[in-house]
Amino acid sequence: YVAALKADLEITERHSHVFSVAYVPLGQDATVQWGYLDFKFKNSLEYPIKIVAEVVGSELTVTILGTITDPDVEIVLESVKTEEIDFETEYRANISLPYGTYRLKQRGQVGYRCEVYKLIYRKGVLEDRVLVNNTYYDPANRVIEANPVP
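Residues numbered from 1 in each chain as written. Predicted model: local features only at pLDDT ≥ 70, side-chain atom pairs only at ≥ 80, totals over all residues. Heavy atoms only, no water.

Student: Can you tell me about the sheet that holds strand β6 (residues 89-93), naming the residues and giving the values?
Tutor: Pairing between the strands of a sheet comes from backbone hydrogen bonds, and it takes one of two forms, parallel or antiparallel. Across the sheet, which stays open at both edges, the three strands sit in the order β6-β10-β7 with mixed pairing between neighbours. Strands at the two margins of the open sheet, each flanked by one partner only, are β6 and β7 (102-106). Across this sheet, the average inter-strand angle for adjacent strands is 30°, counted without regard to direction. By the bridge criterion, four bridges tie β7 to strand β10 (residues 142-146) in an arrangement that is antiparallel. For Leu-104, the partnering residue across the bridge sits in β10 and is Ile-144. (Pairing = 2+ DSSP bridges. Helix = DSSP H or I, 4+ residues; strand = E, 2+ residues; numbered from the N terminus. Axes fitted to C-alpha atoms, helices over the stretch in contact; angles between N-to-C directions.)

Student: Could you give an account of the side chain of Thr-135, naming the residues involved and the relevant values?
Tutor: Checked against the element boundaries, Thr-135 lands in strand β9 (residues 125-137). Thr-135 gets classed as buried once you look at its relative accessible area, which sits at 4%. A polar contact of 3.0 Å, which involves the side chain of Thr-135, links it to the side chain of Arg-14. When near neighbours in sequence (up to four residues on either side) are disregarded, Thr-135 contacts Arg-14, Ser-16, Gly-27, Tyr-112, Arg-113 and Cys-114. (Buried < 20%, exposed > 50% of the residue type's maximum accessible area, 1.4 Å probe, protein only. Polar contact = N/O pair within 3.5 Å; in protein donor to acceptor, adjacent residues only side chain to side chain. Contact = heavy atoms within 4.5 Å.)

Student: Please provide a residue-by-residue account of the nonpolar core, values included.
Tutor: Proteins that are soluble and globular tend to have nonpolar side chains buried together. Among the nonpolar cores identified, the biggest contains five residues, and these are Leu-26, Val-110, Tyr-112, Cys-114 and Tyr-137. The contacts of Leu-26, once residues within four sequence positions are left out, are Ser-20, Ser-79, Lys-81, Tyr-112, Cys-114, Val-116 and Tyr-137. (Core = buried A, V, L, I, M, F, W, Y, C linked by side-chain atoms within 4.5 Å.)

Student: Give me the pattern of salt bridges: which residues, what numbers.
Tutor: Tallying each qualifying case throughout the model produces 10 salt bridges. Among the salt bridges present, the one from Arg-92 reaches Glu-90, with a minimum N-O distance of 3.0 Å. The exposure class of Arg-92 is partly exposed, given its relative accessible area of 41%. Among the residues examined, Glu-90 registers a relative accessible area of 29% and is labelled partly exposed. The salt bridge involving Glu-127 is made with Arg-122; its shortest N-O contact spans 2.7 Å. Residue class for Glu-127 comes out partly exposed when judged on its relative accessible area of 46%. Residue class for Arg-122 comes out partly exposed when judged on its relative accessible area of 32%. Salt bridges sharing common partners tie together Asp-70, Arg-122 and Glu-127. (Salt bridge = Lys/Arg side-chain N within 4 Å of Asp/Glu carboxyl O.)

Student: Before we move on, can you summarise unusual backbone geometry with the specific residues and values?
Tutor: Positive phi values are uncommon outside glycine, yet Asp-8 reaches one of about 65°. Secondary-structure assignment places Asp-8 in the loop between α1 (2-6) and β1 (10-13). Unusually for a residue other than glycine, Lys-123 sits at a positive phi of about 55°. Relative to the helices and strands, Lys-123 resides in the loop between β8 (111-122) and β9. The exposure class of Lys-123 is exposed, given its relative accessible area of 64%.

Take a look at the structure:
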């Protein structure tokens, strides 16, 4: 998604993850789910492109190669957090735990609303700031298991 945005390609379908991810800034992720969610883009440039994807260890790098038609233009992405949504704490009974003990089953994760902008610079001067998306990420509740009953 980031590579397609920076290459100034037309995004025709994009879905964010349900929860925020750590490997890209807020709003700069895209997810796919076989038969349900797709990520699609169109080569809206005048020349063909080549997509190169490489996995090294657990890191995926995608590069889009093509003809540079205006070497004075640079595209930078900006993520703006517009809201932070706190998680709640859920307590669940678990009688398999020793009496009076607690166990953290799931750490909580804050949710967010954010906007992503495409900043278009020409010769280092900001020429345009275009809203690319508004994204919402659910908070994930903290879950604590306890056996409070003797």
